[in-house]
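What follows is each chain in one-letter form.
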Amino acid sequence: MNILVCLKQILDPEMPSRDFHIDATGRDADRGSAGLVMNIFCANALETALQFREQHGGKITVITYGSASAEEILRKALALRVDNAVLVKNEIEQRLNPWSVARVIAAAIRKLGDFDLILTGRESGDWGDGQTGGFLAEELGRPCISLADDLKSDGSNPALVRIRRQNDQGWEVIEALTPLVITVTNHEHNVPRIAKTRDVMQAFRQPLTTWSHSDIGVNPQSITEDLARSEVLGLVIPSKQTQCEWIKGDTLDERISLLARRIANVVQSV
Amino acid sequence: MTSVVVSCVFGWTGINRAAMGVIGAGQRLARELGCTHVCLLVGPMSEANVSNVSNFADRIVVANHPLLDNYQCETVLTVLTQVCKELNPKAVLFSNESYCQEIVPRLAHRLDGSAAGDALSLTVQDDAVMVTRSVYGGKAQATVSLRRSPAIIWVRARAQSPAQPQPQTSQISQKPLALEPSTRVQVVQRHIEAQGTAKLEDARVIVSGGRGLGGPEPFAQLQALADVIGGQMAASRAACDAGWVPAGWQVGQTGKKVSPELYLAIAISGASQHIMGIADAKTVAAINVDPDAPIFHHCQFGLVEDYRQVVGPLREKLTELLV
Ligand SMILES: Cc1cc2nc3c(=O)[nH]c(=O)nc-3n(C[C@H](O)[C@H](O)[C@H](O)COP(=O)(O)OP(=O)(O)OC[C@H]3O[C@@H](n4cnc5c(N)ncnc54)[C@H](O)[C@@H]3O)c2cc1C
Ligand SMILES: Nc1ncnc2c1ncn2[C@@H]1O[C@H](COP(=O)(O)O)[C@@H](O)[C@H]1O
C-alpha cells in the first residue's frame, strides 16, 4: 500500500508552564527558548505506518506544511526509513489553521499521486484543533476513521483494512476499503520507536522534495480566505493556582492518619 | 423566517448530563443570537426522552432510521448534512463525546462554515459566535471568533450549565430519511471495557495513578484503596501508554474530562495536559515523592512521600474511619 503520513512541527508541549509566554501579537505563543518537536500524535501515526509496512509491505511518504525549520521532523522520519519526504513551504507570515493546512496538503496529494492510506495525528499538541484529518477527508472525498490505534491489512482483499478505533466506552473494529483517511491516537502499541544512530546520519544526506505554493497550484488568496473563517482574537494565561496544604506530622504514621482523615472528610460529604 | 441554532444529541448516548449541557448551551446561544433553538435528536431515542427534551427547545427534530441503530460516522454525517442544509443554521452544537469530535470538522466542511472544538464558553460578537478554549496543553486560553457561518462546535458539555425548562413545549417533527448502507466502511466489532470507563466522567471519587507507580501491579493496590472510598480508577497518559491500564482510563487533554468531588493523584507529576482533564474536580489531592511536582500547584492537600509507604496503611486507616 501507498501510505502518506502528515507531520506537524510544534512548540515542545512538555515545556514547563512557567516558561510559557504569549508573543507580541497577543495571539500566539512566544517561541522563546523552547524546542520544536514532532507532534506526538504524528509520531504515533508514523509508528503505525512503519509497523504496517513491516507486516504488509508498501511505501511511506511523509509530508509537512510549515516553515523551513520543519525540515527537522522530516529528517527524523527519514531516519526511521520512510521512503519519501515532502516539505511544502508556508510562504505567508501567518499562523495556519487546519482548514488551510488541509487544502494545501490535498493540493500536494494531487501532485504526488494517489495514496491508499493517509494518516494524521488525532490532534496537534499546540492548538489541539483535531480538524485537519476530517477536513482532508472531505477535500479528497474519502471516508475518515478517527482515533485509530491499530491498523492491519486483511489478507484476502488487498484493498481492505481493519482498523481498531477508540471510543468513549472502549473500542470498535472497523473494516474499510481504501482509499481512506485515518487519524491516529496513542496506544501502548504505537509508542514511537527511536532511530538508529547510523540512520540518523544517513537521513541528513537524503534528498527532500521542497515545494512552494505555486508548485502545487495553491493560490495564496484562498489560504487567506480559509484563515478568515475563524480568527484568534487573543490568548491569555490562566492564573488559577491552588494553595496546597502540606500534610505534616512527626512520623509517617501520623502523616498517613492525617491524610486519611482529610480524605475521609471529603468522601463522607459526597 | 428567523435563523436557528441547533443543539445535536445522539440517541446512542441518550439524555445524560452532557446532553443537557449541550442543549443548555444551545438554548443560551439561540437567545443571544435571536434565533430559534432546534434540538436535533439523531439515532434511536425513547419517546419518554423525546418528550423530556421537548421542554428545553423551541422545536425538536427527530432523525431516526434502521440504519442508525448503531453509530456509523459516514451515515450520521450524511444525515446531519441533509438536516442542516434544510435548517440553514447559524450554529450547530455537539458534546465532547468522541463520536461528536469526529463529526464536527467534516460537517463544517460540508456546510462550508467554520469549526471549533472543546469550547468552554460561547458568546456572540458582531453576529459571530465566539468561543474560548484551552490551547497549548492548558497553558493558555484562546478566544476564537467563528466568522464563517454556520459555526460547527463541540463543547465541553459537562462544564455547560444544563438547559432550563421553557414555558411551552416544543413542536416535534420527524425527518424522513432516505439512506443507503455504507459499502466502504463497516463496524464489525464493538467492545465495552470491563470497568465502566464511560462513567468516569460521572464518578464522585477518583483514584488515579501515574508513571511513578513503576508498573501495572501497584494499580491493584490503588484499586483496593479506591474500593474503600467508593472511587473509580483512572490514570495518566504515561501509565496508559505503558500498557499498565486500559487506554480508556486516561484523564487529560486527550483523555476523559472528569469532575469528581475528590481526585487523588498518586505518582502523577501534573503535566498541564493532565491538569486539563481535572479542571472541574472539586478537591484534588496528591501523593508524590517530589515536592516540586507541578501537581501540588493544583492540590488542596498533598503528601510528599513514596507511595509504597503510604497506600497500604492509608487503606487500612480509611477502612476504620469509614465503617
Ligand atoms: C498533545 C499531548 C496530549 C497529552 N494528553 C495527555 C492526557 O490526556 N493525559 C495525560 O495524563 N497526559 C497527557 N499528555 C502527556 C503529559 O504531557 C505527561 O507526559 C504525562 O501526563 C506524564 O504522566 P505521569 O505524570 O504519570 O508521568 P511523569 O511525568 O513521569 O511523573 C511521574 C511522577 O511520579 C512521581 N514518583 C516517582 N516515583 C514515585 C514514588 N515511588 N512515589 C510517589 N511518587 C513517585 C515523580 O516524582 C513524578 O512526579 C499529553 C501530552 C501531549 C504532548
Ligand atoms: N502543518 C501541518 N503539516 C502537516 N500535517 C499537519 C499540519 N497541521 C496538522 N497536520 C496533521 O493533522 C493532525 C491534526 O492536527 P490539528 O487538526 O491541527 O489538531 C496532525 O497530527 C498532523 O498529522
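Structure: see above.
Summarised in this report is the structure supplied together with it. Note that the coordinates shown come from a computational prediction; the quantities given were computed from them, not determined experimentally.

Concerning the site of ligand 2
All names here are of chain A.
Then, in step 1: Taken together, 19 residues sit near ligand 2, with Cys6, Tyr65, Ser124, Gly130 and Thr132 positioned nearest.
Then, in step 2: In the environment of ligand 2, an oxygen atom lies 2.7 Å from a nitrogen or oxygen atom belonging to the backbone of Cys6.
Then, in step 3: One of the backbone N or O atoms of Leu7 is found 3.3 Å from a nitrogen atom in ligand 2.
Then, in step 4: For ligand 2, the protein covers 98% of the area, taking 480 Å² as the surface of the free molecule.
Then, in step 5: Elements represented by at least two residues in the shell around ligand 2 include exactly β4 (59–66), α3 (98–112) and β6 (117–121).
Then, in step 6: Broken down by class, the residue content of the shell around ligand 2 amounts to eight nonpolar, eight polar and three charged.

Considering the site of ligand 1
Then, in step 1: In the region of ligand 1, 30 residues are neighbours, and Arg211, Ser236, Val251, Ser269 and Asn288 of chain B sit closest.
Then, in step 2: More than one chain reaches ligand 1: the nearby residues come from chains A and B.
Then, in step 3: Within the side chain of Asn288 of chain B, an N or O atom sits 2.7 Å from an oxygen atom of ligand 1.
Then, in step 4: Across the complex, the protein chains shield 87% of the 990 Å² of accessible surface that ligand 1 would expose by itself.
Then, in step 5: Of all the secondary-structure elements, those providing two or more residues to the shell around ligand 1 are α1 (40–56) of chain A together with α6 (237–241), α7 (272–275) and α8 (307–321) of chain B.

Some remarks on the interface of chain A and chain B
Then, in step 1: Taken together, the contacts link 87 residues of chain A with 89 residues of chain B.
Then, in step 2: Counting each side, the surface lost to burial between chain A and chain B is near 7,400 Å², with a carbon and sulfur contribution of 57%.
Then, in step 3: Three residues, Glu138, Asp168 and Arg229 of chain A, lead the burial of chain A against chain B; their summed loss comes to 9% of the area buried on that side.
Then, in step 4: At the boundary of chain A and chain B, one finds nine salt bridges.

What to know about the pattern of salt bridges
Then, in step 1: With the rule as written, the count across this model stands at 36 salt bridges over all chains.
Then, in step 2: The residue Arg193 of chain A makes a salt bridge to Glu54 of chain A at a minimum N-O spacing of 2.6 Å. Note that Arg193 of chain A is positioned in the loop between β10 (180–184) and α5 (197–205) and Glu54 of chain A in helix α1, a separation of 139 residues in sequence.
Then, in step 3: We classify Glu54 of chain A as exposed; its relative accessible area is 54%.
Then, in step 4: The network of salt bridges with shared partners includes Arg103, Glu139, Asp226 and Arg229 of chain A together with Asp112 and Arg148 of chain B.

Re unusual backbone geometry
Trans is the common state for peptide bonds, and a negative phi is the common state for residues other than glycine.
Then, in step 1: Here the residue pair Thr178 of chain A and Pro179 of chain A is connected by a cis peptide bond, since its omega of 0 degrees sits within 30 degrees of zero.
Then, in step 2: As for its position among the elements, Pro179 of chain A is in the loop between β9 (170–177) and β10.
Then, in step 3: Backbone torsion omega between Ser149 of chain B and Pro150 of chain B reads 0 degrees, so that peptide bond is classified as cis.
Then, in step 4: With respect to the helices and strands, the residue Pro150 of chain B is situated in the loop between β8 (140–146) and β9 (151–155).

With respect to the sheet that holds strand β7 (residues 128–135) of chain B
Strands in a sheet are paired, the pairing made by backbone hydrogen bonds, and the direction either parallel or antiparallel.
Then, in step 1: Within the open sheet, the four strands sit side by side as β12(A)-β8(B)-β7(B)-β6(B). Their pairing is antiparallel. Edge positions in the sheet fall to β12 (230–236) of chain A together with β6 (121–125) of chain B, since each has one partner strand and no second. Across the sheet, the mean angle from the axis of one strand to that of its neighbour is 30 degrees, orientation sign disregarded.
Then, in step 2: With respect to the sheet, helix α6 (residues 220–229) of chain A is in contact with β12 of chain A together with β8 of chain B, its orientation differing from that of β12 of chain A by roughly 55 degrees.

Here is what the cut-offs are and how they apply
Residues numbered from 1 in each chain as written. Chains lettered and ligands numbered in written order. Predicted model: local features only at pLDDT ≥ 70, side-chain atom pairs only at ≥ 80, totals over all residues. Heavy atoms only, no water. Near = heavy atom within 4 Å. Polar contact = N/O pair within 3.5 Å; in protein donor to acceptor, adjacent residues only side chain to side chain. Areas by Shrake-Rupley, 256 points an atom, 1.4 Å probe, with all protein chains shown as cover. Helix = DSSP H or I, 4+ residues; strand = E, 2+ residues; numbered from the N terminus. Nonpolar A, V, L, I, M, F, W, Y, C, P; charged D, E, K, R; others polar. Contact = heavy atoms within 4.5 Å. Buried area = accessible area lost by both parts, 1.4 Å probe. Salt bridge = Lys/Arg side-chain N within 4 Å of Asp/Glu carboxyl O. Buried < 20%, exposed > 50% of the residue type's maximum accessible area, 1.4 Å probe, protein only. Pairing = 2+ DSSP bridges. Axes fitted to C-alpha atoms, helices over the stretch in contact; angles between N-to-C directions.

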